[in-house]
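Each chain, written out:
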Amino acid sequence: MLPFPEPEVPWFLVLPDHPDVFPWYDRARQHATRSLRHPSGRPWLLGRWPDEDLCIAVGRGRHAAALGVHRVDHDVLEARLRSHASLDSFARSEPGSFHLIASVDGELRVQGPVLHGRRVVHASTPDGLVLVSDRADVLAWLLGLDVDPALLGLRLLGEAVPHPLGIAPLFTGVDAVDVGHYVVVPPRGSARQVRWWRPPEPTRSLADGAAALQDALTDAVRVRTARPARASCDLAGVDSTAVCGLLAREDVELRAFTVASPDPYDDDLVFAGRTVAALGVAHEVVRTDVMPVVYQDFAATPPALDEPSPISVENGRLDVLFRLVAESGCTDHFGGYGGDELLHGSPAWFTSYLRTDPGLALRNVRGSRANGRWPRGETARQALDPRSYGNWMRRFADRLGGPPPGTRHPALDWGAVTAFGPWTPVEAVRLAQQRVREASRSARPLSEVRGLHRDLTMMVACSGMLRAFGPVAARHGVTVHAPFYDDRVIEAGLSVRAQDRISRWRYKPLLAEAMRGIVPDVSLHRATKAEGSAVEHQGIVRNRRAILEYFEESRLAELGLLDRRAFHQHVSTTSATAQDFTAHLFPSVACEMWLRRLAGAPTDVEQVP
């Protein structure tokens, strides 16, 4: 039987207003600390969440809740309860990151932010009711559902799983609400998804877009500093530097954290020192002898996640960071997570203006090809390839059983071409290929513009990885914030013309313009970025034996998703600097950790009435 998430992990369950919900409510409430009811008296919303995260409004035959980080009060929410259209307008205007849960004219409506940092999943009971939650494992536990081996096998590819398979819950019978959609649930019957958000047209100039981005990021930071008197912030690259600069202007005592690197070419610490000196904020450097390397103590206390995450192998590093944050007296920790995907962008954008500005497009493609040492022929093929997303998915499936594409593969197509690791059995590869081919028949890209699709896909994948931070931070009473993932910030960034937002000749020009006067000049135009491979390589070298011992009994192998002998051979002999090897090892360890946590025992808490 699946375990229930640990007591420190927040979750919620939404129930339709129907007499048959009581058995499901009675089963779930043993793990809940909060419970709300429909006006009928039947259970509506239960789970675990901080009191201050919830705002409730009740109107005539309608009620709603905002759950998460927001500035919403009762009057504002009640005024928007008139219809789905008024709730759409509300969701499109508010800063923060929260779930909107409403009952309008007898139907439930549940939605999260655009990306999947807070996602929504749903499943049907045997008696025809639809239950909605923010965690797939809650629904799987409640309904007795099993892991889907084909979908889990695809997660061995890491971030390269094509949409919508990349957001699919890993339990049979559980569905995810798609990007930019909400789910509508009748009292009894099938759920339907409704699209409420589309990316803006990229028409703004760099100057106008910079002003919009500055306003949106300021609001995103400000809504998160309304409660804490003391906050901490990562201070490393230009994205976290921007967040740190905005926090320094708020009425909050700020402490910046920089994790030192063993890489002599990593200049994060140099720029961090210049930034804190100019801003006048406290600074704590986490030394290399204090911070574990990747894979160190990775299996000691696996985070309570409802899907595998590559972040799991950095569990020991995150645990140390959030312990230090808590010891400094901070309960809220900020980071620049999401800035890369939004502000750096995919080279696939260059193909979208080959017709409108071919000179600029070709200069950027040539620059990307030279920087990545892409083969000339494959670069041209991808740039001029007109194939649809479904056709690309079928080609993706064909390549899964072949050799890895290497590090010099162009990035102008719908997504990255990849292959399984050498320890993935042939039958597991075939199962994954079949699932991708089936999905290709109805799959739709997140945008018909190839570059925007790739940007949104990476944002969704990385916002999902951010969810892995939450359970680790929660052990120390810390909440993690990612202002770049706010809907309004994403819209501000995507509204800028692609040729102004994305350049191979200037590093993140939109952010540099937006942060003028906020980030100190000594850090404003930094064009370097630490890439972290030194910590990864050290982690593999130091923990190779521990990884091998961990896989002596493998649940992935029991499911037919890993060949233990091949795994042992490759992990024992492959160089830690081999990029294909490290790219395959991360998700394999993460999936194994996740499966083992699922075999744990549930922990009960005090029941709600």
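Residues numbered from 1 in each chain as written. Predicted model: local features only at pLDDT ≥ 70, side-chain atom pairs only at ≥ 80, totals over all residues. Heavy atoms only, no water.

Visitor: If you had to explain empty space enclosed by the protein to someone new, which residues and values would you point to?
Guide: Scanning the entire structure with this criterion turns up four cavities of 30 Å³ or more. Each pocket or cavity is described by its volume, and for the largest cavity that value is around 380 Å³. Lining of the largest cavity is provided by 23 residues; of these, R155, G158, G166, E307 and A461 occupy positions nearest its centre. Sorting elements by how many residues they give to the lining of the largest cavity places helix 15 (residues 450–466) first, with five residues. Its residues placed into classes, the lining of the largest cavity shows eleven nonpolar, seven polar and five charged. Here the second largest cavity is characterised by a volume of approximately 110 Å³. Lining the second largest cavity are 14 residues, and of these A91, F98, G112, P113 and D487 sit closest to its centre. If you list the elements that add at least two residues to the lining of the second largest cavity, you get strand 6 (97–104) and helix 17 (487–494). Per-element accounting of the lining of the second largest cavity gives the leading share, three residues, to strand 6. Here the lining of the second largest cavity is composed, by residue class, of six nonpolar, four polar and four charged. (1 Å grid on protein atoms, 1.4 Å probe; cavity = no way out; pocket = protein on both sides within 12 Å on 5 of 7 lines; lining within 4 Å. Points joined across faces, edges and corners; volume = space filled by probe spheres on them. Helix = DSSP H or I, 4+ residues; strand = E, 2+ residues; numbered from the N terminus. Nonpolar A, V, L, I, M, F, W, Y, C, P; charged D, E, K, R; others polar.)

Visitor: Now, about the pattern of salt bridges: what can you tell me, with residues and values included?
Guide: Taken as a whole, this structure holds 41 salt bridges when the rule is applied. In this structure, the salt-bridge partner of E327 is R323, at a minimum N-O distance of 3.2 Å. One end of the pair, E327, and the other, R323, are both in helix 9 (residues 315–327), four residues apart, so they sit about a helical turn from each other. Residue classification places E327 among the exposed positions, given a relative accessible area of 55%. For the salt bridge of E491 with R488, the shortest nitrogen-to-oxygen distance reads 3.0 Å. Of this pair, E491 and R488 both sit in helix 17, separated by three residues, roughly a single helical turn. As far as burial versus exposure is concerned, E491 and R488 are alike and both buried. Taken together, the salt bridges that share partners define one network made up of R119, R155, D306, E307 and R467. (Salt bridge = Lys/Arg side-chain N within 4 Å of Asp/Glu carboxyl O. Buried < 20%, exposed > 50% of the residue type's maximum accessible area, 1.4 Å probe, protein only.)

Visitor: Just give me the short version of the sheet that holds strand 5 (residues 62–69), but keep the residues and values in it.
Guide: Strand order in the open sheet made by the six strands is 4-5-6-7-11-12, with antiparallel pairing throughout. The open sheet has two edge strands, strand 4 (54–59) and strand 12 (192–195), and neither has a second partner. With strand direction ignored, the average angle separating the axes of adjacent strands in the sheet is 20 degrees. Bridging between strand 6 and strand 7 (residues 107–111) involves five bridges; their strand directions are antiparallel. Bridged to L100 within strand 7 is Q111. (Pairing = 2+ DSSP bridges. Axes fitted to C-alpha atoms, helices over the stretch in contact; angles between N-to-C directions.)

Visitor: Tell me about unusual backbone geometry, residues and numbers included.
Guide: That bond from H163 to P164 is cis: its omega, 5 degrees, falls within 30 degrees of zero. Tracing the chain through its elements places P164 in the loop between helix 5 (149–154) and strand 10 (174–176). Of note in the backbone geometry, D297 takes a positive phi value of approximately 55 degrees without being a glycine. Inspection of the secondary structure assignment puts D297 in the loop between strand 15 (282–286) and helix 9. Within the chain, K508 stands out as a residue other than glycine whose phi angle is a positive 45 degrees. Relative to the assigned elements, K508 resides in the loop between helix 18 (498–501) and helix 19 (509–514).

Visitor: Tell me what's going on with the pairing of strand 11 (residues 181–185), and back it up with residues and numbers.
Guide: Taking burial as the measure, the five residues of strand 11 include five buried ones, the bulk of the element. Side chains of strand 11 alternate between two faces, with H181, V183 and V185 and Y182 and V184 buried alike. Note: strand 7 against strand 11, three bridges, orientation antiparallel. If you follow L108 over to strand 11, its bridge partner there is V185. Judged from the four bridges that link them, strand 11 and strand 12 form a sheet pairing that is antiparallel. Residue pairing across strands places V183 opposite Q193, the latter belonging to strand 12. Hairpin connection, strand 11 to strand 12: the antiparallel pair is bridged by six residues, and G189 has positive phi, about 130 degrees.

Visitor: Run through the nonpolar core, naming residues and quoting values.
Guide: Membership of the largest hydrophobic core comes to 168 residues, with the highest contact counts inside it found for F171, Y295 and M515. In terms of residues, this core owes the most to one element, helix 24 (residues 579–598), which gives nine residues. Apart from residues lying up to four places away in sequence, F171 is in contact with L2, A136, D137, A140, L145, D146, V147, D148, D306, W594 and L598. Core analysis: the second largest hydrophobic core is formed by 17 residues, V14, W44, L67 and I101 among them. (Core = buried A, V, L, I, M, F, W, Y, C linked by side-chain atoms within 4.5 Å. Contact = heavy atoms within 4.5 Å.)

Visitor: Break down the confidence of the model for the protein for me, citing the residues and quoting the values.
Guide: With 98% of its residues at a pLDDT of 70 or more, the protein shows a mean pLDDT of 91. Counting interchain partners and residues more than four positions distant, the pLDDT-below-50 stretch residues 601–609 has 27 contacts. (pLDDT = per-residue confidence, 0-100.)

Visitor: Describe the packing of aromatic side chains, listing the residues and the values that go with them.
Guide: With the rule as written, the count across this model stands at 15 aromatic pairs. Aromatic pair F4 and W11: ring centres 5.0 Å apart, planes at 75 degrees, arrangement edge-to-face. Accessibility expressed as a relative area gives 2% for F4, which makes it buried. The exposure class assigned to W11 is buried, which follows from its relative accessible area of 1%. (Phe/Tyr/Trp six-rings, centres within 6.5 Å; stacked < 30°, edge-to-face > 60°.)

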